[in-house]
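The chain contents come next:
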Amino acid sequence: MKITVKKTLPIIVNNFIYSLTKAAVYFTIIFLGSSIILPLILQRDTGEVAWLILLLSTGFMVLFAIRQVIDAKLHAKNTSVELTAKTINCEVSGFNSSSFSIPLNQISSVHVHQAFVDKIFDVSSVVISQIAGTVVVYGFNVSEAKAFSKAFSERQSEVYRRQPVVAER
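My aim in this report is to walk through the structure given alongside it, one point at a time. None of these values were measured; they are calculated from a predicted model. (Residues numbered from 1 in each chain as written. Predicted model: local features only at pLDDT ≥ 70, side-chain atom pairs only at ≥ 80, totals over all residues. Heavy atoms only, no water.)

**Section: the overall build of the protein**
Along the backbone of the protein there are 5 helices and 7 strands. Listing every helix and strand of the protein by position from the N terminus yields β-α-α-α-β-β-β-β-α-β-β-α. For 169 residues, the compact-globule estimate of 2.2 N^0.38 gives 15 Å, and the protein exceeds it by more than 25% at 23 Å. Across the 169 residues that make up the protein, the buried fraction comes to 35%. (Helix = DSSP H or I, 4+ residues; strand = E, 2+ residues; numbered from the N terminus. Rg over C-alpha atoms; globule rule 2.2 N^0.38 Å. Buried < 20%, exposed > 50% of the residue type's maximum accessible area, 1.4 Å probe, protein only.)

**Here's the deal with the packing of aromatic side chains**
Tallied over the full model, the rule gives 1 aromatic pair. Between Tyr-26 and Phe-64, the aromatic rings sit 5.5 Å apart at their centres with planes inclined by 85°, giving edge-to-face as the arrangement. Residue Tyr-26 is located in helix α2 (residues 20-42), and its partner Phe-64 is located in helix α3 (residues 50-78); the two are separated by 38 residues in the primary sequence. Owing to a relative accessible area of 37%, Tyr-26 belongs among the partly exposed residues under this scheme. The class of Phe-64 is buried, set by a relative accessible area of 12%. (Phe/Tyr/Trp six-rings, centres within 6.5 Å; stacked < 30°, edge-to-face > 60°.)

**Overview of the pattern of salt bridges**
A side chain of one charge can pair with a side chain of the opposite charge when the charged atoms of the two come close. This model, assessed by the stated rule, comprises 1 salt bridge. Here Glu-144 ties to Lys-6 by a salt bridge, and the two come within 2.8 Å at their closest N and O atoms. Taken together, the residues Glu-144 in helix α5 (residues 142-162) and Lys-6 in the loop between β1 (2-4) and α1 (9-18) connect sequence positions 138 residues apart. Residue Lys-6 is classed as exposed on the basis of its relative accessible area of 54%. (Salt bridge = Lys/Arg side-chain N within 4 Å of Asp/Glu carboxyl O.)

**With respect to the packing of α1 against α3**
The contact between α1 and α3 brings their axes to 9 Å, and the two run at 135°. Here α1 is positioned oblique relative to α3, judged by the angle of their axes. Note on packing geometry: the crossing formed by α1 with α3 is right-handed. Together, Ile-11, Ile-12, Asn-15 and Phe-16 of α1 and Ala-65, Gln-68, Val-69, Asp-71, Ala-72, His-75 and Ala-76 of α3 make up the contact between the two elements. Broken down by class, the residue content of the contact of α1 with α3 amounts to 7 nonpolar, 3 polar and 1 charged. (Axes fitted to C-alpha atoms, helices over the stretch in contact; angles between N-to-C directions. Parallel < 35°, antiparallel > 145°, perpendicular 65-115°, else oblique. Left-handed = near helix turned anticlockwise from the far one by under 90°. Contact = heavy atoms within 4.5 Å. Nonpolar A, V, L, I, M, F, W, Y, C, P; charged D, E, K, R; others polar.)

Written out as structure tokens, the structure reads:
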């Protein structure tokens with residue numbers, strides 16, 4: 001079973017919400033830094049270059065927003081999770097892409113997580129809990145993610161039914 005990300009808008013909104021603090025820090029650093037450096041470089045009073053400082057800070061925020069939108073579009077284009085007979089294969093796309101495979105015998109659970117904003121857009125995260133950590137892949141349709149989790153549980157129960165029972169002494 002393979003599920004893919006289909007919606008871009010929820011990812012854009014989610015990225016903006018979770019990067020608001022980062023954006024505020026960037027804006028503050030750029031604003032304060034340019035407030036100190038630009039008057040020194042241009043040898044003018046801070047009041048004379050205030051428009052340039054604001055323009056520079058706002059320009060960086062626009063570029064930051066454009067980067068978030070492009071990253072969300074790339075994420076929605078090629079992100080998927082696939083359940084095979086022996087592994088779960090994940091491909092996460094974006095500016096920082098990764099693909100990996102996790103053997104089923106190292107996975108303890110697969111569950112679906114849905115935050116408040118996710119409920120508005122009917123999307124969720126697939127959370128794969130394993131021995132060494134947790135993997136979260138975001139942006140799947142809720143019903144598809146639940147079906148994926150159920151398919152994993154059924155696959156795991158088949159594996160445990162086939163194992164021989166060892167009696168304790």
